[in-house]
Amino acid sequence: MLSLSMVVPALNEEELIDDFFEKSIRDLSAVAEDWEIVFVDDGSTDRTLEYANAWAAKHPQVKVVSLGRNLGNGANVEVGFQHATKEIVFNNTVDAFFNTEDLVWVLPHLNTYDAISGCRSDLSANNIYQKLLTMGNLTLIRTLFPLKLRAYQTVQFHRRSLFEQIRIEGRSSFVSPELLIKAHYLGYSIGEVEVTFHPRLKGTAKGGGGPTR
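Since this is a predicted model, take the numbers as computed values, not measurements.

Asker: Explanation requested: the side chain of Asp 27 in the structure shown.
Answerer: Counting through the fold element by element, Asp 27 comes out in helix H1 (residues 17–31). Beyond its immediate chain neighbours, meaning those up to four positions away, Asp 27 contacts Asn 99, Thr 100 and Glu 101.

And the structure:
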């Protein structure tokens, strides 16, 4: 059975954090005996860090990294990946854009591929601007780089060896395609799976950009 590290950057997520940890711990325990959650607090000003530390005190598999200030997407993800210690590393968010219940059918694909990239099966939740932005980014990446996928910025599963071979340079949401492109250049085989988008139930999304202040 694979060992798993789930990297989770967070900024001001106190309203979701308890439900997130309860569900994540349950789902990870169902598919792996050896797992960890690397929770990266990106300078939260609410009680996110306090709540995360409380969960870490009760569960040794929860590792909390506090950045002390808001560094933004890219920088916070890189920190999380560098702190991951298990064989397979994947990313998620506190609002759980990837449902960890799906691990049971996603993980077997790693018997065939070195890495897995998720592709959203439904973009109906996106407004017109978001759809145009998604298609524009997709077209640009597919034009500039040889790796042709249906999506580059959803959930990804990588061997930890990748992070020992590359240096993450992105400091924006481009860090996700950067990982896939560098894995491709290193000869890693990459498979795609369709994943279902799960809309946020509380609060406001924080990802997709740089520091908020």
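Asker: Sorry, what's going on with the nonpolar core here?
Answerer: Considering soluble globular proteins, one finds that nonpolar side chains tend to be buried as a cluster. Phe 21, Ile 37, Phe 39, Phe 98 and Phe 157 are the most contacted members of the largest nonpolar core, which has 32 residues in total. Elements represented by at least two residues in this core include exactly strand S1 (4–10), H1, strand S2 (35–41), helix H2 (48–58), strand S4 (88–91), helix H4 (103–106) and strand S7 (190–195). Counting residues per element, this core draws most heavily on H1, which supplies 6 residues.

Asker: Got a minute to help me understand the pattern of salt bridges in this structure?
Answerer: Oppositely charged side chains can form a pair if their charged atoms are brought close together. Going through the model one piece at a time under the given rule, you end up with 13 salt bridges. A salt bridge links Arg 150 to Glu 192; the shortest N-O distance between them is 3.8 Å. Of the two residues, Arg 150 is situated in the loop between helix H5 (128–144) and strand S6 (156–159) and Glu 192 in strand S7; the sequence distance between them amounts to 42 residues. With a relative accessible area of 44%, Arg 150 lands in the partly exposed category. The salt bridge partner of Arg 150 is Glu 194, with a shortest N-O separation of 3.3 Å. Of this pair, Arg 150 sits in the loop between H5 and S6 while Glu 194 sits in strand S7, and the two are 44 residues apart along the sequence. If you follow the salt bridges from partner to partner, you end up with Lys 23, Arg 26, Asp 27 and Glu 101 in one network.

Asker: Mind showing me how you'd approach the pairing of S6 here?
Answerer: The two faces of a sheet get side chains in turn, since along a regular strand they alternate between them. Of the two faces of S6, the one holding Gln 156 and His 158 and the one holding Phe 157 and Arg 159 are both buried throughout. Pairing of S4 with S6 involves 3 bridges; the strand directions are antiparallel. Counterpart to Val 89 in the pairing with S6 is His 158. Summarising the sheet, strand S5 (residues 115–120) and S6 pair through 2 bridges and their orientation is antiparallel. Of the residues in S6, the one forming a bridge with Ser 117 is Gln 156.

Asker: What exactly am I supposed to notice about helix H3 (residues 75–83) here?
Answerer: One turn of the α-helix equals 3.6 residues, which is why residues spaced by three or four share an orientation. Buried within H3 we find Ala 75, Asn 76, Val 77, Glu 78, Gly 80 and Phe 81. Taken together, the buried residues of H3 touch S1, S2, S4, helix H6 (161–165) and helix H7 (175–185).

Asker: Whenever I open this one, the environment of Gln 165 confuses me. Can you help?
Answerer: Relative to the assigned elements, Gln 165 resides in helix H6. The exposure class of Gln 165 is partly exposed, given its relative accessible area of 46%. Taking the C-alpha atoms as reference, Gln 165 lies 9.3 Å from Lys 182; in sequence the two are 17 residues apart. Here Gln 165 is in contact with Leu 186 and Tyr 188, once residues within four sequence places are set aside.

Asker: Just to check I follow, could you spell out H2 for this structure?
Answerer: The complete set of buried residues in H2 reads Thr 48, Ala 52 and Trp 55. Relative to the axis of H2, the buried residues are bounded by an arc of 60° and lie together on one face. For H2, the exposed residues lying more than 90 degrees away from the buried face are Ala 57 and Lys 58. Tucked into the core, H2 has its buried residues touching S1, H1, S2 and strand S3 (62–66).

Asker: What is the right way to read the sheet that holds S5 from this model?
Answerer: Sheet strands pair via backbone hydrogen bonds, and the direction of the pair is either parallel or antiparallel. If you trace the 7 strands from one edge of the open sheet to the other, you get S3-S2-S1-S4-S6-S5-S7, paired in mixed fashion. With one partner strand each, in any of the chains shown, S3 and S7 form the two edges of the open sheet. Adjacent strand axes in the sheet meet at a mean angle of 20° when their direction is disregarded. Sheet analysis places S1 next to S4, joined by 4 bridges and oriented parallel. The residue of S4 that forms the bridge with Leu 4 is Ile 88.

Calculation rules
The residue numbering used here restarts from 1 in each chain and proceeds along that chain's sequence as written. With the structure being a predicted model, the display of local features is reserved for residues of pLDDT at least 70 and the display and counting of side-chain atom pairs for 80 or more, all residues being used for whole-chain, interface and lining totals. Computation of side-chain values: all heavy atoms of the structure, hydrogens and water removed. Numbering of helices and strands starts at the N terminus; helices are DSSP runs of H or I of at least 4 residues and strands are runs of E of at least 2. Contacts were defined at the residue level, with two residues in contact if any of their heavy atoms lie within 4.5 Å. The set of buried Ala, Val, Leu, Ile, Met, Phe, Trp, Tyr and Cys residues whose side-chain atoms join them within 4.5 Å is what this entry labels a nonpolar core. Think of it in three bands: with a 1.4 Å probe and only protein chains considered, a residue is buried below 20% of the maximum accessible area for its type, exposed above 50%, and partly exposed in between. By definition, a salt bridge exists where a carboxyl oxygen of Asp or Glu is found within 4 Å of a side-chain nitrogen of Lys or Arg. Whether two strands pair comes down to DSSP finding at least two bridges between them. Along the arc lie the directions from the helix axis toward the C-beta atoms. Each axis is a line fitted through C-alpha atoms, taken for helices only over the stretch in contact, and angles between the N-to-C directions span 0 to 180 degrees.

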